[in-house]
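A closer look at the structure
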Amino acid sequence: MYINENFIKLPQSYLFSTVANKLKEYRESHPEADLIRMDIGDVTLPIAPCVIKAMHGAVDDMAAAETFHGYGPEQGYPFLREAIAKHDYQERGIDIPANDIFISDGAKSDLGNLGNIYSKKSVIGVADPGYPVYVDSSVMDGRGGELLSDGRWSRILYMECKPENGFKPAVPSQGVDILFLCSPCNPTGTVFTREELKDWVEYAHRNKTLIIFDSAYEAFITDPDIPRSIYEIEGAKEVAIEVRSFSKTAGFTGLRCGYTVVPSELKGMDREGNEYPLRQLWNRRQSTKFNGASYIIQRGAEALYSPEGRKAIKENIGVYLSNARYIREALEKAGFSVFGGDNSPYVWAKWPGEDDSWRLFERILSEAEVSSTPGIGFGESGAGYVRFTGFNTTENTHKAMERISRINFNKGNDLEEDFTTLNDVKAIKALDELDVLDDLTEALGI
Ligand SMILES: *Cc1c(COP(=O)(O)O)cnc(C)c1O
């Protein structure tokens with residue numbers, strides 16, 4: 001038999017394993033180290049009691065013939081689809097019926113599987129840096145083209161995110177067939193405003209583009225002016241699929257449950273230009289290749305929409321958000337250039353003058369015993385940045401930031417080469433390293 005050779009083309013992603021290995025090595029060579037993990041991409045707080053109670057009840061249902069549940073509907077149980085439609089959409093003024101909501105075992109599966117319903121020839125657009133699933137799953141399906149020497153794929157359009165555009169992708173001048181957008185974004189922590197989302201929806205209408213809107217972190221949005229759903233934008237139902245997850249919202253990373261909205265208004269074309277509702281294709285795909293999420297887990301997810309459930313989500317997210325805000329403020333004060341950390345658990349940071357993510361990672365690890373994730377692992381445009389997350393305890397978060405603010409980044413470097421602008425000097429001032437500042441001021445003649 002012959003294999004799908006796209007898998008051979010796909011380079012191994014070494015990001016998380018390299019980080020893990022480096023942390024292991026560090027622990028072995030520094031057995032006394034009090035390492036603080038700020039690279040965690042997973043929630044850490046336990047599941048809310050009302051969810052646990054609902055799941056216990058569902059387990060008991062399985063024990064009696066009258067309440068036993070076998071195969072459920074592939075689209076998910078009506079009780080959960082209706083709760084989602086009511087609380088996540090209709091109560092917020094968005095007209096999404098339960099029938100357009102498909103329950104899944106998580107957002108990652110859906111983001112990868114959606115590739116089944118659009119053409120193999122589709123041109124994909126992604127933000128760089130971005131969540132790696134968009135590119136890797138497209139490559140597996142044969143939509144990558146060739147791997148170029150800069151690590152990018154020849155058939156994929158990369159929308160570069162830079163400090164100049166606030167680490168948010170700009171609407172490209174060319175059209176693409178499929179556009180992956182993520183807000184709040186992993187890894188940069190940035191969010192799209194209503195105006196920006198309007199531009200994307202308009203772009204999609206103009207270019208007949210399908211937007212796959214990943215809003216796995218929508219529950220972290222506290223600013224009422226920032227849209228939590230793309231369907232808050234007029235005309236979005238004709239161009240966008242929305243993918244969501246209970247993972248980061250409610251600590252379901254180990255339980256596995258999410259959902260995808262495919263509005264009945266959304267259509268795609270065949271080669272002759274005939275239109276077909278995508279909802280029908282996705283329904284067919286799910287009915288054929290998926291047998292539904294677990295009844296027990298769906299009962300647990302349903303409990304999140306009870307008053308207790310909503311309160312618990314708010315409290316948990318509040319902890320992560322206040323950690324992220326603290327990280328953002330502490331790093332800014334220490335002189336880092338920082339994005340995200342508002343409406344998001346992620347903080348994206350760079351030390352001025354250091355353009356190598358791995359060197360910055362090593363420096364923070366060896367001098368503060370704090371781990372981060374090198375931004376280059378999320379794409380070429382992530383070079384120089386590292387990602388910090390709010391998924392630790394408040395106590396550890398504060399301790400980690402205190403240590404980082406004490407790092408003398410200037411030490412061992414060529415002053416003139418690395419800090420040549422007045423802004424950089426000002427940044428260092430915040431470190432309270434006054435003798436360093438004196439040296440610098442002298443070196444630069446300011
Ligand atoms: C965590 C994450 C997901 C996947 O969530 P699951 O539901 O656990 O599969 C999807 N998109 C982004 C951006 C994420 O960070």
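Residues numbered from 1 in each chain as written. Predicted model: local features only at pLDDT ≥ 70, side-chain atom pairs only at ≥ 80, totals over all residues. Heavy atoms only, no water.

Some points on the sheet that holds strand β8 (residues 258–261)
Whenever strands of a sheet pair, they do so through backbone hydrogen bonds, lying parallel or antiparallel. Strand order in this open sheet of seven strands is β2-β8-β7-β6-β5-β3-β4, and the pairing throughout is mixed. The open sheet has two free edges, formed respectively by β2 (101–104) and β4 (156–160), since each of these has just one partner strand. Taking each pair of neighbouring strands and ignoring which way they run, the sheet shows an average axis angle of 20°. Pairing geometry for strand β5 (residues 178–182) and strand β6 (residues 210–214), over five bridges, is parallel. By the bridge assignment for β6, Phe-180 is matched with Ile-212. Here helix α4 (residues 78–89) sits on the sheet in contact with β2, β7 (240–245) and β8, set at roughly 115° to β2. (Pairing = 2+ DSSP bridges. Helix = DSSP H or I, 4+ residues; strand = E, 2+ residues; numbered from the N terminus. Axes fitted to C-alpha atoms, helices over the stretch in contact; angles between N-to-C directions. Contact = heavy atoms within 4.5 Å.)

Quick word on the site of the ligand
Taken together, 14 residues lie around the ligand, and Asp-214, Tyr-217, Ser-245, Ser-247 and Lys-248 are the ones closest in. A distance of 2.7 Å separates a nitrogen atom of the ligand from a polar side-chain atom of Asp-214. Here an oxygen atom of the ligand sits 2.6 Å away from a polar atom, N or O, in the side chain of Ser-247. When the free accessible area of the ligand is taken as 390 Å², the share hidden by the protein chains comes to 93%. Breaking the shell around the ligand down by element, the ones donating at least two residues are α5 (107–113) and α8 (247–250). Sorting elements by how many residues they give to the shell around the ligand places α5 first, with three residues. (Near = heavy atom within 4 Å. Polar contact = N/O pair within 3.5 Å; in protein donor to acceptor, adjacent residues only side chain to side chain. Areas by Shrake-Rupley, 256 points an atom, 1.4 Å probe, with all protein chains shown as cover.)

Describing the pattern of salt bridges
If you walk through the whole model with that rule in mind, you get 30 salt bridges. One salt bridge connects Arg-92 with Glu-218, and the closest N-O pair in it is separated by 3.6 Å. Placement of the pair is Arg-92 in the loop between α4 and β2 and Glu-218 in the loop between β6 and β7, with a sequence separation of 126 residues. Between Arg-299 and Glu-302 there is a salt bridge, with its nearest N and O atoms 2.8 Å apart. Linking Arg-299 with Glu-302, this pair stays in helix α10 (residues 295–303), spanning three residues, or about one helical turn. Arg-299 gets classed as partly exposed once you look at its relative accessible area, which sits at 24%. Taking the relative accessible area as the measure of exposure, Glu-302 reaches 27% and is therefore partly exposed. Each of Asp-88, Arg-92, Glu-218, Arg-228, Glu-242 and Arg-244 takes part in a single network of salt bridges with overlapping partners. (Salt bridge = Lys/Arg side-chain N within 4 Å of Asp/Glu carboxyl O. Buried < 20%, exposed > 50% of the residue type's maximum accessible area, 1.4 Å probe, protein only.)

Here we look at the packing of aromatic side chains
Taken as a whole, this structure holds 27 aromatic pairs when the rule is applied. An aromatic cluster of three or more residues is present, and its members are Phe-16, Phe-167, Phe-339, Trp-348, Phe-378 and Tyr-385. It is Arg-81 that lies over the ring of Phe-102; its NZ or CZ is 5.9 Å from the centre. Note that Arg-299 overlies the ring of Phe-79, its terminal NZ or CZ placed 3.7 Å from the centroid. (Phe/Tyr/Trp six-rings, centres within 6.5 Å; stacked < 30°, edge-to-face > 60°. Lys NZ or Arg CZ within 6 Å of the ring centre and 35° of its normal.)

Here we look at the side chain of Arg-244
Along the chain, Arg-244 falls in strand β7. A polar side-chain atom of Arg-244 sits 3.2 Å from a polar atom in the side chain of Ser-215. Of note is the side chain of Arg-244, whose polar atom sits 3.2 Å from the side chain of Glu-242.

Points about the state of the cysteines
All chains considered together, the criterion is met by zero disulfides. For Cys-50, which is in no disulfide, the shortest distance to another cysteine sulfur is to Cys-257 and amounts to 14 Å. Exposure remark for Cys-50: the relative accessible area of 16% places this residue in the buried category. Not part of a disulfide, Cys-185 finds its nearest cysteine sulfur in Cys-182, a span of 4.9 Å. Note on Cys-185: relative accessible area 9%, which makes it buried. (Disulfide = S-S within 2.5 Å.)

Observations concerning the packing of helix α2 (residues 15–29) against helix α12 (residues 357–368)
Where α2 contacts α12, the axes come no closer than 12 Å and their chain directions differ by 30°. When the axes of α2 and α12 are compared, the pair comes out roughly parallel. Remark: the crossing between α2 and α12 carries right-handed chirality. Residues Leu-15, Thr-18, Val-19, Lys-22, Leu-23 and Tyr-26 of α2 pack against Trp-358, Phe-361, Glu-362, Leu-365 and Ser-366 of α12. Here the residues of the contact of α2 with α12 are counted per class, giving seven nonpolar, two polar and two charged. (Parallel < 35°, antiparallel > 145°, perpendicular 65-115°, else oblique. Left-handed = near helix turned anticlockwise from the far one by under 90°. Nonpolar A, V, L, I, M, F, W, Y, C, P; charged D, E, K, R; others polar.)

Quick notes on the domain arrangement of the chain
A common measure of how large an interface is: the accessible area buried when the components associate. Along its sequence, the chain is carved into domain 1 (6–46 + 309–409), domain 2 (49–306) and domain 3 (410–443). Summarising the inter-unit geometry, the C-alpha centres of domain 1 and domain 2 are found 26 Å apart. The partner domain 2 presents 49 residues to the 31 residues of domain 1 that form the contact. In total, domain 1 and domain 2 occlude about 3200 Å² of area from one another, counting both sides; carbon and sulfur atoms represent 62% of this. Its largest share of buried area at the contact with domain 2, domain 1 owes to Arg-310, Asn-343 and Ser-381, together 20% of the area lost on that side. Here domain 1 and domain 2 share two salt bridges between them. Between Glu-146 and Lys-9 there is a salt bridge, with its nearest N and O atoms 3.7 Å apart. At the boundary of domain 1 and domain 2, one finds 15 residue pairs in polar contact (both at pLDDT 80 or more). Those elements that provide at least two residues to the side of domain 1 that touches domain 2 are α1 (6–9), α11 (307–334), β11 (337–340), β12 (346–350) and β15 (385–389). (Domains from an automatic or database assignment. Buried area = accessible area lost by both parts, 1.4 Å probe.)

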